[in-house]
There are 2 protein chains.
Amino acid sequence: MHQLTKRSVDYSKWYNEIIIRSGLAEFSGIRGFMIIKPYGFSIWEIIKNTLDKMFKETGHENVYFPMLIPKSSFSKEKKHIASFSKGCAIVTHYKLKKNIDQEELTVDPQSKLQEELVIRPTSESIIWKTYRQWIHSYRDLPILLNQWGNAIRWEMRTRLFLRTSEFLWQEGHTAHSTEQEALEETKKILNIYTDFSENIMAIPVVQGVKPYMDKFSGSETTFSLEAMMQDGRALQIGTSHFLGQNFSKAFDVKFTNKNGKQEYVWSTSWGVSTRLIGGTVMLHSDDHGLILPPKIAPIQIVIIPIYKNQQELSQINEIAVRIQKIIKEKGFSVKYDNREFFTPGWKFHEYEMKGIPIRINIGLDEIIKEKAEVFRRDTYEKVDVPWNHIITFIPKLFDKIQKNLYQRALNRTKKLTMISDHYEDFKKKINNVGGFILAHWDGTQNTGKKIQEETEATIRCIPICTKKEVGKCIYSGNHSSQRVVFAKSY
Amino acid sequence: MHQLTKRSVDYSKWYNEIIIRSGLAEFSGIRGFMIIKPYGFSIWEIIKNTLDKMFKETGHENVYFPMLIPKSSFSKEKKHIASFSKGCAIVTHYKLKKNIDQEELTVDPQSKLQEELVIRPTSESIIWKTYRQWIHSYRDLPILLNQWGNAIRWEMRTRLFLRTSEFLWQEGHTAHSTEQEALEETKKILNIYTDFSENIMAIPVVQGVKPYMDKFSGSETTFSLEAMMQDGRALQIGTSHFLGQNFSKAFDVKFTNKNGKQEYVWSTSWGVSTRLIGGTVMLHSDDHGLILPPKIAPIQIVIIPIYKNQQELSQINEIAVRIQKIIKEKGFSVKYDNREFFTPGWKFHEYEMKGIPIRINIGLDEIIKEKAEVFRRDTYEKVDVPWNHIITFIPKLFDKIQKNLYQRALNRTKKLTMISDHYEDFKKKINNVGGFILAHWDGTQNTGKKIQEETEATIRCIPICTKKEVGKCIYSGNHSSQRVVFAKSY
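What you see is a predicted model; the values in this text were computed from it and never measured.

Topic: the interface of chain A and chain B
Part 1 of the reasoning: Contacts between the two partners involve 65 residues from chain A and, on the opposite side, 65 residues from chain B.
Part 2 of the reasoning: Across the chain A to chain B interface the summed buried area is about 5100 Å²; carbon plus sulfur atoms make up 68%.
Part 3 of the reasoning: Between chain A and chain B we count four salt bridges in total.
Part 4 of the reasoning: A salt bridge links glutamate 104 of chain B to lysine 71 of chain A; its shortest N-O distance comes to 3.6 Å.
Part 5 of the reasoning: There are 26 residue pairs in polar contact (both at pLDDT 80 or more) connecting chain A and chain B.
Part 6 of the reasoning: Looking at the side of chain A that touches chain B residue by residue, the class counts come to 36 nonpolar, eleven polar and 18 charged.
Part 7 of the reasoning: The pairing of strand 5 (residues 90-93) of chain A with strand 5 (residues 90-93) of chain B spans three bridges and is classified as antiparallel. Each residue of the ladder has a partner; that of histidine 93 of chain A, found in strand 5 of chain B, is isoleucine 90 of chain B.

This is the structure:
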């Protein structure tokens with residue numbers, strides 16, 4: 001098997017190769033649409049189940065709305081439609097027919113729909129049409145719904161997991177009686193995403209507000225989480241939108257408040273997608289293949305027998321199955337791979353490529369000494385562990401790896417987060433080092449655009465956790481009320 | 001609140017009213033597309049999680065394929081396409097634009113796709129295109145994949161859950177090196193569906209083979225499960241298809257067998273959908289509302305306080321929370337509804353409508369006597385249970401209700417399953433009683449069609465568990481090798 005392209009040579013190519021070689025996903029025959037293979041999908045299942053539990057614990061319920069949205073409904077919120085109409089899948093007919101003179105099927109013109117239907121790029125416009133029927137009084141509020149499903153946004157330049165025309169995601173859509181409650185919901189979700197990202201995916205994030213020109217179309221404020229990849233570029237991990245009364249006004253959704261007066265409803269929407277998988281792969285992996293944080297690894301531990309003949313194998317089998325059992329009982333997912341067709345060397349390579357956090361090797365030497373060789377994928381360290389210590393050793397190592405991955409990413413993020421006060425210095429840093437640059441911005445779209453044209457860097461967010469400090473815009477010299485995060489991004 | 005339409009008056013109307021009134025689902029603004037509301041969706045989550053576990057325990061893995069299928073790929077298997085092309089959603093464009101002279105958005109003709117894309121009505125044609133890349137040797141087989149997702153089949157006459165243009169489902173797609181292995185897979189899945197249907201959903205089923213004219217387009221043999229509804233009509237619960245080599249030939253998927261020879265791959269596909277929810281509602285419920293088998297009830301037990309004043313309520317709260325806790329610890333889902341805005345009478349009605357299997361009422365009288373009044377939804381029976389017996393009483397009652405619902409349905413199915421040997425008698429039974437009629441059929445499509453035209457009954461299946469018995473066709477008098485199941489159906 002040939003080696004992966006090295007990160008230092010071509011980070012993008014390395015990323016694509018890892019996805020393919022570890023069996024996470026591949027592109028389908030349809031441009032921009034991917035197939036999520038079993039290994040990749042099982043990571044998505046862990047992400048989904050973990051987040052779903054967090055949403056339910058905070059009072060949210062799941063729901064399912066139609067995937068097709070009538071054009072008229074889609075068009076109601078003007079800014080929303082202006083953005084999403086530029087790349088969406090439009091259903092216009094419902095029959096194919098065989099022409100008399102040819103073999104091939106063509107669209108039956110008689111099956112033209114009276115009104116075109118758009119495959120949801122996001123579901124605000126069908127959900128708010130429905131909320132109009134559901135919301136009458138303050139007693140009907142809040143509505144805290146979430147939907148797991150697929151969506152389509154036509155993309156011209158795609159990348160496995162990070163940007164695909166179809167993606168899997170969750171989209172939360174909540175309705176509230178007050179502005180404050182809706183804002184609190186937006187932030188509550190941002191914190192859930194942060195907790196999940198940092199503690200489960202081991203991805204440190206910067207919480208912030210998107211500059212007004214980059215906010216979600218139809219929102220008042222978009223909060224986002226930005227993570228730094230190994231090459232210093234930013235990846236937007238998730239977003240939580242405060243929608244104000246934009247959708248309730250567009251769809252005329254009012255409620256009677258406690259004083260008997262009619263008011264427009266306040267709302268939020270928020271989502272994370274299969275992009276999370278791309279983020280975690282890109283952030284943690286190395287030149288040998290995937291590295292997965294133990295908490296989202298579908299196989300957390302693999303046991304490999306090392307033997308010369310059948311007799312040795314059957315001795316090892318007995319011990320390996322016993323070790324597998326005691327680790328499994330601790331709640332870990334353990335695979336024992338004693339397939340005879342593949343050599344131990346092939347298996348080592350395979351499971352390193354697939355990013356299994358912990359590998360346990362058992363050979364005759366280990367049997368004699370009643371120990372096992374434990375290998376950790378993140379650091380390539382090996383240590384001998386006596387059998388009767390395994391049950392305590394493995395959970396500790398599991399935590400250690402999870403923490404190490406987070407700490408490694410955090411150290412890199414900190415190291416590559418720099419302050420800059422002069423445009424020349426800024427350009428040098430962005431081009432030579434990359435990373436997050438904290439710099440002053442005058443708050444105008446024009447300045448943002450110029451800086452992007454000249455450096456490729458964009459304003460990722462206005463961070464919410466740093467202390468405010470006034471200054472002068474790095475580009476225009478005009479007043480700035482706080483530093484923002486600039487970076488090149490995915 | 002007005003009463004539900006009675007089953008005896010209008011079974012269809014009763015069914016629709018229950019779905020709406022219990023908050024399971026509603027139709028959206030788009031004809032034939034439904035919104036699955038939180039309560040309905042939580043039933044789907046239980047179905048999904050339970051079946052998913054059964055699939056995984058038998059070696060299946062989940063995967064995700066694109067929802068859009070290029071027309072050329074869709075057209076490969078001729079019988080398959082002939083059937084599904086008659087009602088499918090076709091994507092032809094990817095942009096909307098605003099015309100200069102008008103407000104409204106129209107489809108941008110410049111965004112016409114080179115090749116139309118069909119939203120999957122089922123995924124054989126995209127999956128088999130991919131299997132061609134994945135399968136080379138016998139070592140690549142079997143492939144045992146399953147997908148949870150949405151699909152669209154354009155339906156003209158729709159009914160909530162039972163027949164909707166978009167539905168949620170799982171579709172299994174397996175590939176095997178031998179015919180026998182593929183056939184065994186088809187039957188293994190049929191048995192998983194049967195186990196699930198009977199033991200989880202409390203729905204007795206008849207396993208059978210579909211007559212050749214009604215089999216899945218592209219299959220060799222379609223196995224189905226047929227369940228009898230309260231009005232004697234049949235509902236097809238799930239299907240498992242033996243596809244032979246039809247798709248491997250259409251997509252040219254060959255493998256090298258152990259002897260180094262090239263062979264076409266054997267395959268199966270199988271699925272159940274949100275229709276299962278419709279089946280369970282229609283089969284178990286009564287004139288007071290929904291009845292849910294305890295094993296698929298999102299809320300299994302509800303506790304209701306009955307009080308005159310705040311002091312009584314706070315006394316009851318203390319006991320109720322304690323009881324809720326001990327039942328929850330046993331693994332049941334229990335809700336304590338002490339909302340003050342609603343009266344106990346309103347709550348009784350509400351939870352009967354929603355089909356909560358067990359209700360526990362606690363009032364001052366119960367506090368004094370240290371007991372609780374336990375009500376079961378299926379029989380409307382009430383019994384007083386001392387507090388210290390509740391922990392043993394509830395699990396037993398839970399099992400009793402689950403079994404009673406199954407037994408009730410089984411008794412009805414048996415009672416309404418009749419033998420008929422004369423066409424006049426057959427017609428009388430079908431029209432006056434309904435139910436399943438076991439009768440001889442000559443095996444021709446023409447006879448099936450005539451009987452359907454004259455009686456509305458169709459051949460539901462050729463049952464596989466009854467003993468074979470030759471005879472004469474009830475309609476043509478020609479030879480018949482075994483009795484088949486006739487019924488009117490949903």
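Examining the sheet that holds strand 8 (residues 112-119) of chain B
Part 1 of the reasoning: In space, the six strands of this open sheet follow the order 4(A)-8(A)-5(A)-5(B)-8(B)-4(B), with antiparallel pairing throughout. Of all the strands in the sheet, just strand 4 (68-70) of chain A together with strand 4 (68-70) of chain B have a single pairing partner and so form its edges. Averaged over all neighbouring strand pairs, the angle between strand axes comes to 45 degrees, with direction disregarded.
Part 2 of the reasoning: Sheet topology places strand 4 of chain A next to strand 8 (residues 112-119) of chain A; three bridges connect them, and they run antiparallel. Looking at the pairing, isoleucine 69 of chain A lines up with valine 118 of chain A of strand 8 of chain A.

Observations concerning unusual backbone geometry
Most peptide bonds are trans, and most residues other than glycine sit at a negative phi.
Part 1 of the reasoning: The peptide bond linking leucine 141 of chain A to proline 142 of chain A adopts the cis configuration, its omega dihedral lying at -5 degrees.
Part 2 of the reasoning: Structurally, the position occupied by proline 142 of chain A is in the loop between helix 5 (124-134) and strand 9 (143-152).
Part 3 of the reasoning: If you check the backbone angles, phenylalanine 161 of chain A has positive phi at about 70 degrees while not being a glycine.
Part 4 of the reasoning: Structurally, phenylalanine 161 of chain A is set in the loop between strand 9 and strand 10 (166-176).
Part 5 of the reasoning: Using a relative accessible area of 2% as the deciding quantity, one classes phenylalanine 161 of chain A as buried.
Part 6 of the reasoning: The phi torsion at tyrosine 380 of chain B lies on the positive side, around 65 degrees, for a residue other than glycine.
Part 7 of the reasoning: Its location among the elements puts tyrosine 380 of chain B in the loop between strand 20 (371-376) and strand 21 (382-386).
Part 8 of the reasoning: Given a relative accessible area of 30%, tyrosine 380 of chain B falls into the partly exposed group.

A few points about helix 13 (residues 423-432) of chain B
All names here are of chain B.
Part 1 of the reasoning: Among the residues of helix 13, those classed as buried are Tyr423, Phe426 and Ile430. Here the buried residues of helix 13 occupy an arc of 55 degrees about the axis, which is enough to place them on one side. Away from its buried face by more than 90 degrees, helix 13 exposes Glu424, Lys428 and Asn432.
Part 2 of the reasoning: Packed against the buried residues of helix 13 are strand 23 (436-440), helix 14 (445-455) and strand 27 (483-487).
Part 3 of the reasoning: At the exit of helix 13 stands glycine 434, carrying a positive phi of roughly 80 degrees.

As for the relation of the copies chain A and chain B
In summary, the two copies of the chain are related to each other by a rotation about an axis coupled with a shift along it.
Part 1 of the reasoning: When chain A is fitted onto chain B, the two copies agree to an RMSD of 0.0 Å after a turn of 180 degrees and an axial shift of 0.0 Å. What the rotation and shift describe, once combined, is the action of a two-fold rotation axis. No C-alpha of chain A lies nearer the rotation axis than that of valine 91 of chain A, which sits 2.1 Å from it.
Part 2 of the reasoning: Interface overlap between copies is the fraction of interface residues in one copy that are interface residues in the other; for chain A against chain B it reaches 100%, indicating a shared surface.

As for helix 9 (residues 310-329) of chain B
Residues and elements named next belong to chain B.
Part 1 of the reasoning: Taking 1.5 Å of rise per residue, 20 residues should cover 28 Å, and helix 9 covers 28 Å from first to last C-alpha, within 8% of that figure.
Part 2 of the reasoning: Along helix 9, the residues classified as buried are Glu312, Leu313, Ile316, Ile319, Ala320, Ile323, Gln324 and Ile327.
Part 3 of the reasoning: Buried-residue contacts for helix 9 involve strand 17 (301-306), strand 18 (334-336), strand 19 (358-363), helix 11 (364-369) and helix 12 (387-415).
Part 4 of the reasoning: The positive-phi residue at the C-terminal boundary of helix 9 is glycine 331, with phi of around 95 degrees.

Here we look at the nonpolar core
Part 1 of the reasoning: The biggest cluster of nonpolar side chains holds 231 residues, and the ones touching the most others in it are Leu51 and Ile119 of chain A together with Leu51 and Ile119 of chain B.
Part 2 of the reasoning: Setting aside residues up to four positions removed in sequence, leucine 51 of chain A forms contacts with Trp148, Ile192, Tyr193, Phe196, Val272 and Leu276 of chain A.

A look at the pairing of strand 10 of chain A
Residue and element names in this part refer to chain A.
Part 1 of the reasoning: Extensive coverage of strand 10 is indicated by the burial of eleven of its eleven residues.
Part 2 of the reasoning: Burial along strand 10 is two-sided: the face carrying Glu166, Leu168, Gln170, Gly172, Thr174 and His176 and the face carrying Phe167, Trp169, Glu171, His173 and Ala175 are both buried.
Part 3 of the reasoning: Here ten bridges tie strand 9 to strand 10, and the two strands are oriented antiparallel to one another. Across the sheet, residue glycine 149 finds its bridge partner in strand 10, namely tryptophan 169.

Here's the deal with the sheet that holds strand 20 (residues 371-376) of chain A
Residue and element names in this part refer to chain A.
Part 1 of the reasoning: Ordered by their spatial adjacency, five strands build an open sheet running 18-17-19-20-21, and the pairing between neighbours is mixed. The sheet is open, and its two edges are formed by strand 18 (334-336) and strand 21 (382-386), each paired on a single side. Across the sheet, the axes of successive neighbouring strands diverge by a mean angle of 25 degrees, strand direction being ignored.
Part 2 of the reasoning: When strand 17 (residues 301-306) meets strand 19 (residues 358-363), the two strands line up parallel, connected through six bridges. Following the sheet pairing, isoleucine 304 is matched in strand 19 by asparagine 361.

Here we look at the confidence of the model for chain A
Part 1 of the reasoning: Across chain A, pLDDT averages 96, with 99% of residues at or above 70.
Part 2 of the reasoning: At the level of chain-chain contacts, confidence expressed as ipTM amounts to 0.96, with global pTM at 0.96.

A few points about the state of the cysteines
Part 1 of the reasoning: Evaluation of the coordinates by the stated rule reveals zero disulfides over all chains.
Part 2 of the reasoning: As a non-bridged cysteine, cysteine 473 of chain A has cysteine 461 of chain A as the owner of its nearest cysteine sulfur, 16 Å distant.

Quick notes on a positive patch on the surface
Part 1 of the reasoning: Together, Lys76, Lys78 and Lys129 of chain A together with Lys98 of chain B line one region of the surface with positive charge.
Part 2 of the reasoning: Within the fold, lysine 98 of chain B resides in strand 6 (residues 96-98).

About the thresholds
Residues numbered from 1 in each chain as written. Chains lettered and ligands numbered in written order. Predicted model: local features only at pLDDT ≥ 70, side-chain atom pairs only at ≥ 80, totals over all residues. Heavy atoms only, no water. Contact = heavy atoms within 4.5 Å. Buried area = accessible area lost by both parts, 1.4 Å probe. Salt bridge = Lys/Arg side-chain N within 4 Å of Asp/Glu carboxyl O. Polar contact = N/O pair within 3.5 Å; in protein donor to acceptor, adjacent residues only side chain to side chain. Nonpolar A, V, L, I, M, F, W, Y, C, P; charged D, E, K, R; others polar. Pairing = 2+ DSSP bridges. Helix = DSSP H or I, 4+ residues; strand = E, 2+ residues; numbered from the N terminus. Axes fitted to C-alpha atoms, helices over the stretch in contact; angles between N-to-C directions. Buried < 20%, exposed > 50% of the residue type's maximum accessible area, 1.4 Å probe, protein only. Arc of directions from axis to C-beta. Least-squares fit on C-alpha atoms with pLDDT ≥ 70 in both. Expected span 1.5 Å × (residues − 1). Core = buried A, V, L, I, M, F, W, Y, C linked by side-chain atoms within 4.5 Å. pLDDT = per-residue confidence, 0-100. Disulfide = S-S within 2.5 Å. Patch = residues over 30% accessible without salt bridge, like charges linked within 9 Å, V, L, I, M, F, W, Y side chains within 5 Å. Areas by Shrake-Rupley, 256 points an atom, 1.4 Å probe, with all protein chains shown as cover. Lys, Arg positive; Asp, Glu negative; His and termini not counted. Charge placed at Lys NZ, Arg CZ, Asp CG, Glu CD.

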